[in-house]
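Chain and residue survey
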Amino acid sequence: MKKLVLLGALALSVLSLPTFADDKPVKIGIEAAYPPFASKAPDGSIVGFDYDIGNALCEEMKVKCVWVEQEFDGLIPALKVRKIDAILSSMSITEDRKKSVDFTNKYYNTPARLVMKEGTQVSDGLTELKGKNIGVQRGSIHERFAREVLAPLGAEIKPYGSQNEIYLDVTAGRLDGTVADATLLNDGFLKTDAGKGFAFVGPAFTDVKYFGDGVGIAVRKGDALKDKINSAIVAIRENGKYKQIQDKYFAFDIYGK
């Protein structure tokens, strides 16, 4: 009888263990190629809004976090095979992705935009994109949007491994434009020397079908880490840490409505 009681107690203790032991680091996947959200400093370190938010969340949760760099289209596969424990890399919350992973609540929300040569006229109907080569990041929500909305209008969709590769081909004239997050395009391209002569054209894209309900942090299905991160997001929003980080990079409320 005592053995049964002992075994029962052991079983309960195992079930009640937290997802991460105090001394086990949380591995966070990120692609450091999206300034101002994540990029590389001259010394090789990661910098950016996503990186700072992640560190603030880890501090709030009182856990050690290790950042793991990965190309964007490899982040969800890496999460599934447990190479990483969470994805904090400007990943939009969409119904399609929810089939594979769980998402926290949003930590920011911005629209997608189209960038082309300054002065290019693009109406809300987007018919002017017929025959235009539009670069998108492979595996992103922008690729799906471009293939399902822009391609039927006659646009030629060209997938790339990273947004930085797209910028190179846009400036070289091999692409007519690109669709991506508006803030990413503004700070990572239009405000740079390479982006001179280019501008936002056409309407802002906000269709929930493609762009979801904002940007969240992805974890494995059923992982209790989601609730811990949600609580931490609320905490840094309330204690002012979120605004402190936001104001470092943006002159507006990136959290959105």
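These notes cover the structure that comes with them.

What counts, and at which threshold
Residues numbered from 1 in each chain as written. Predicted model: local features only at pLDDT ≥ 70, side-chain atom pairs only at ≥ 80, totals over all residues. Heavy atoms only, no water. Salt bridge = Lys/Arg side-chain N within 4 Å of Asp/Glu carboxyl O. Helix = DSSP H or I, 4+ residues; strand = E, 2+ residues; numbered from the N terminus. Disulfide = S-S within 2.5 Å. Buried < 20%, exposed > 50% of the residue type's maximum accessible area, 1.4 Å probe, protein only. Phe/Tyr/Trp six-rings, centres within 6.5 Å; stacked < 30°, edge-to-face > 60°. Pairing = 2+ DSSP bridges. Axes fitted to C-alpha atoms, helices over the stretch in contact; angles between N-to-C directions. Arc of directions from axis to C-beta. Contact = heavy atoms within 4.5 Å.

1. Some details on the pattern of salt bridges
Going through the model one piece at a time under the given rule, you end up with 12 salt bridges. D102 is the salt-bridge partner of K221, the closest N and O atoms lying 3.5 Å from each other. Of this pair, K221 sits in the loop between β12 (215-219) and α9 (225-238) while D102 sits in strand β6 (residues 102-103), and the two are 119 residues apart along the sequence. For R144, the salt bridge identified is with E148, shortest N-O distance 3.2 Å. Highlighted residues: R144 and E148, both in helix α5 (residues 141-150), separated by four residues, approximately one helical turn.

2. Overview of the state of the cysteines
In total, this model carries one disulfide according to the counting rule given. At a sulfur-sulfur separation of 1.7 Å, the disulfide partner of C58 is C65. Residues C58 and C65 share a disulfide whose torsion about the S-S bond is about -90°; that sign makes it left-handed. When sorted by exposure, C58 lands in the same class as C65, which is buried.

3. Observations concerning the packing of aromatic side chains
Inspection of the entire model under this criterion finds 18 aromatic pairs. Arranged with centres 6.0 Å apart and planes meeting at 90°, the rings of F49 and Y242 form a pair that is edge-to-face. Linking F49 in helix α2 (residues 49-61) with Y242 in helix α10 (residues 241-249), this pair joins segments that are 193 residues apart in sequence. Take F49 and Y242: they sit in the same class, and that class is buried. With a centroid separation of 6.2 Å and an interplanar angle of 45°, the aromatic rings of Y249 and F250 are classed as tilted.

4. Concerning the sheet that holds strand β10 (residues 177-181)
Strand pairing in a sheet relies on backbone hydrogen bonds, with the paired strands running either antiparallel or parallel. Strand order across the open sheet formed by five strands is β9-β8-β10-β7-β11, with mixed pairing between neighbours. In this open sheet, the two strands that pair with only one neighbour each are β9 (156-160) and β11 (198-205). Going across the sheet, the axis of each strand differs from the next one's by a mean of 30°, ignoring polarity. One ladder, built from five bridges, connects strand β7 (residues 112-117) with β10; its direction is antiparallel.

5. A closer look at the sheet that holds strand β4 (residues 65-69)
Strand order in the open sheet formed by five strands is β4-β1-β5-β12-β6, with mixed pairing between adjacent strands. For this open sheet the edge positions go to β4 and β6, each flanked by a neighbour on one side alone. Judged from the two bridges that link them, β6 and β12 form a sheet pairing that is antiparallel. From the neighbouring strand, D102 faces β12, where its bridge partner is V219.

6. Considering α10
Residues lying three or four places apart along an α-helix face the same way, a consequence of the helix completing one turn every 3.6 residues. Considered for burial, the residues of α10 that qualify are Y242, I245 and Q246. Considered in projection along α10, the buried side chains sweep an arc of 100° and stay on one side of the axis. Opposite the buried face of α10, at more than 90 degrees from it, the exposed residues are K243, Q244 and K248. Buried residues belonging to α10 abut α2 and α9.

7. Considering unusual backbone geometry
Between P35 and the following residue, P36, the backbone shows a cis peptide bond with an omega angle of 5°. Considering the arrangement of structural elements, one finds P36 in the loop between β1 (26-30) and β2 (39-40). For K62, which is not glycine, the phi dihedral falls at a positive 60°. In this structure, K62 sits in the loop between α2 and β4. Given the relative accessible area of 71%, K62 is considered exposed. Residue L126 is not a glycine yet carries a positive backbone phi of 65°. The class of L126 is buried, set by a relative accessible area of 5%.

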